[in-house]
Amino acid sequence: MATEGGGKEMNEIKTQFTTREGLYKLLPHSEYSRPNRVPFNSQGSNPVRVSFVNLNDQSGNGDRLCFNVGRELYFYIYKGVRKAADLSKPIDKRIYKGTQPTCHDFNHLTATAESVSLLVGFSAGQVQLIDPIKKETSKLFNEENSCQHLWKVDWNEERQNEGSKTSEEALVTVQRLIDKSRVTCVKWVPGSESLFLVAHSSGSMYLYNVEHTCGTTAPHYQLLKQGESFAVHTCKSKSTRNPLLKWTVGEGALNEFAFSPDGKFLACVSQDGFLRVFNFDSVELHGTMKSYFGGLLCVCWSPDGKYIVTGGEDDLVTVWSFVDCRVIARGHGHKSWVSVVAFDPYTTSVEEGDPMEFSGSDEDFQDLLHFGRDRANSTQSRLSKRNSTDSRPVSVTYRFGSVGQDTQLCLWDLTEDILFPHQPLSRARTHTNVMNATSPPAGSNGNSVTTPGNSVPPPLPRSNSLPHSAVSNAGSKSSVMDGAIASGVSKFATLSLHDRKERHHEKDHKRNHSMGHISSKSSDKLNLVTKTKTDPAKTLGTPLCPRMEDVPLLEPLICKKIAHERLTVLIFLEDCIVTACQEGFICTWGRPGKVVISHPPGSI
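Residues numbered from 1 in each chain as written. Predicted model: local features only at pLDDT ≥ 70, side-chain atom pairs only at ≥ 80, totals over all residues. Heavy atoms only, no water.

In the nomenclature of an unreviewed UniProt entry, the protein chain is known as WD repeat domain 20 of Gorilla gorilla gorilla.

Right under this line is the structure:
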């Protein structure tokens, strides 16, 4: 493997890169994979995904790592930059027959050193609740109860094998009564010990409660709320059963969703190319955005809930303002589909500047990304300073990253000249390029807009895209989910990382490049929603999808090829960055000044 620096070959794998903070280095001894370290033959398999949880134990080794490779699921102690990985001792390993894990999520609220709740979604549509510490499986959802019992018997028999650390489980010989399509995303509802949300490639999402059963017959639904390209139904039953709610969103697969940092809003991206942002409690549509073309595959929130970044089949990253409900920038650096986007809450450029005008309250930056423990205290304090009433406010640069099927990692800086183009430029400068940006007068509806968890004054006319036109549902503002959600939502953020399908450089696209073409891979018809079909060609040049010349175009701070196979994971931790590729290798990149690796005897 070659290090960064030579202009030799663009296809060389980089093992280090430099940003304004310093040098990031790949830590080979902190690499996690299957115990044999053999690259996985990823053809036809689901994306490798990674989930973290911190158990807050006293040993200092509280981080736990879960990842799926093919039909296998692994659970390890994650030692990060401190110690080399020991792949010979997984805490738990499971092999599934006939189906594959597709995604997973830990409940950070209930995790302890003795027990942790892990949800696992599968390619055949099921969702499993397991405890990898106790090596127990408590429940299976989207299955018939009688078959669930047979499955538990097989599991218990397997556990009785002396000294066995691997369990084989069969999940495909049973009937799925709720949704037969692949699970694309599963997450615990922030602040809840029992509620979780599941998205499927059918375009539907389901709200479950771990305390309730799924019933022995297919559920019957009644309409709760309906809006433009979405509908929400409740489960019609004499007794409470799962699913509590069914969401039907857009057309084609629902590829990913993410809760806002305060848990009050839900951002969804679909194969029809739309970002839709909902108020989760009241089921109100807050705003929408359309990709330049093709499906949107990934989504994440900024730590303060002010911005949403998406990526997808147009090879772009798109920055959308939650307050203004408009695209404020696009970034071009990838040569293929963007698999994962994520904000880095630990890297923030803060510099005092000339007095300038800001919107936002003193609490705007108080609720930051939570990974089972508060790892962003320094970032939080600096971001809080940005909104102080001091006569010399500070300038903030948001850092986010993206990985794609082009095997490249890109890091981006979102600077104040992009966020506030009509204000004096701050002194802090980064690799942000404003290309062909125009600044026509921006429209404003004059209404107060609420950032997730905060109240802010009306947005100022700072748009350098087309006039803003808010997209919202005019329904009742009262919560319609009170009957379904018994527990409140606390201030947690769940930014899950996923990947999707392969593609090549823009020049090598083998499909229609016209703006009128949208790839819809799902054959499922969403017959529960009254649709007003949007002509993609007619959305181009509107606030839903500004033209390229109407918004600033970001250039990546760095763009490096870091793997042989498509990248599927990007997670920012306090002392490192974690990436993973479809070969099944989970890599740790030490942040500048954070590399302290001790190797176990005989490891070198």
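Our next topic: the overall build of the protein chain. Broken down by element type, the protein chain carries four helices and 36 strands. Burial analysis of the protein chain (604 residues in total) assigns 60% to the buried set. For the protein chain, contacts bridging at least 24 residues in sequence account for 65% of all contacts bridging at least 6. For the protein chain, the accessible area works out to roughly 23,000 Å², and carbon and sulfur atoms hold 48% of it. (Helix = DSSP H or I, 4+ residues; strand = E, 2+ residues; numbered from the N terminus. Buried < 20%, exposed > 50% of the residue type's maximum accessible area, 1.4 Å probe, protein only. Contact = heavy atoms within 4.5 Å. Areas by Shrake-Rupley, 256 points an atom, 1.4 Å probe, with all protein chains shown as cover.)

This part takes up the sheet that holds strand β35 (residues 576-581). Across the sheet, which stays open at both edges, the five strands sit in the order β1-β2-β36-β35-β34 with antiparallel pairing between neighbours. Of all the strands in the sheet, the pair left with one neighbour each is β1 (16-19) and β34 (567-572). Put simply, the sheet's adjacent strands are angled 20 degrees from each other on average, direction ignored. As paired elements, β35 and strand β36 (residues 586-590) share five bridges and run antiparallel to each other. By the bridge assignment for β36, I577 is matched with W589. (Pairing = 2+ DSSP bridges. Axes fitted to C-alpha atoms, helices over the stretch in contact; angles between N-to-C directions.)

With respect to the helices and strands, the residue Q582 is situated in the loop between β35 and β36. The class of Q582 is buried, set by a relative accessible area of 0%. Side-chain polar atoms of Q582 contact the backbone nitrogen of V48, separated by 3.0 Å. (Polar contact = N/O pair within 3.5 Å; in protein donor to acceptor, adjacent residues only side chain to side chain.)

Let us look at the side chain of T99. Within the element layout of this structure, T99 appears in the loop between β6 (92-97) and β7 (101-106). The exposure class of T99 is buried, given its relative accessible area of 3%. A polar atom in the side chain of T99 sits 3.3 Å from the backbone nitrogen of A124.

This part is about the packing of aromatic side chains. Aromatic rings in a pair are described by how distant their centres are and how their planes are angled relative to each other. One pass over the structure, following the stated rule, counts 25 aromatic pairs. Judged by centre distance (6.1 Å) and plane angle (10 degrees), the rings of W247 and F280 are stacked. Taken together, the residues W247 in strand β17 (residues 245-249) and F280 in the loop between β20 (274-279) and β21 (284-290) connect sequence positions 33 residues apart. Here W247 matches F280 in class, with each residue buried. Ring plane angle 90 degrees and centroid distance 5.2 Å describe the contact between F259 and F280, whose orientation is recorded as edge-to-face. Here F280 lies in the loop between β20 and β21 and F259 lies in strand β18 (residues 254-259), a separation of 21 residues in the sequence. You can call F259 buried: its relative accessible area is 0%. (Phe/Tyr/Trp six-rings, centres within 6.5 Å; stacked < 30°, edge-to-face > 60°.)

Read from one edge to the other, the open sheet built from four strands follows the order β7-β8-β9-β10, with strand pairing classed as antiparallel. Strands with a single pairing partner mark the edges of an open sheet, and in this sheet they are β7 and β10 (136-141). The mean inter-strand angle of the sheet, taken between neighbouring strand axes irrespective of direction, is 20 degrees. Pairing analysis gives four bridges linking strand β8 (residues 118-122) to strand β9 (residues 127-131), with the strands arranged antiparallel.

The next thing to look at is the environment of I418. Mapping I418 onto the fold places it in helix α3 (residues 416-419). Residue classification places I418 among the buried residues on the basis of a relative accessible area of 1%. It is 9.3 Å that separates the C-alpha atoms of I418 and L553, two residues lying 135 residues apart in sequence.

All right, on to the pairing of β35 then. The element β35 is extensively covered by neighbouring structure, given that six of its six residues are classed as buried. Along β35, one buried face is formed by C576, V578 and A580 and the opposite face, lined by I577, T579 and C581, is buried too. Pairing between β34 and β35: five bridges, direction antiparallel. Across the sheet, residue L567 finds its bridge partner in β35, namely C581. Hairpin remark: β34 followed by β35, antiparallel, with three residues in the connecting loop.

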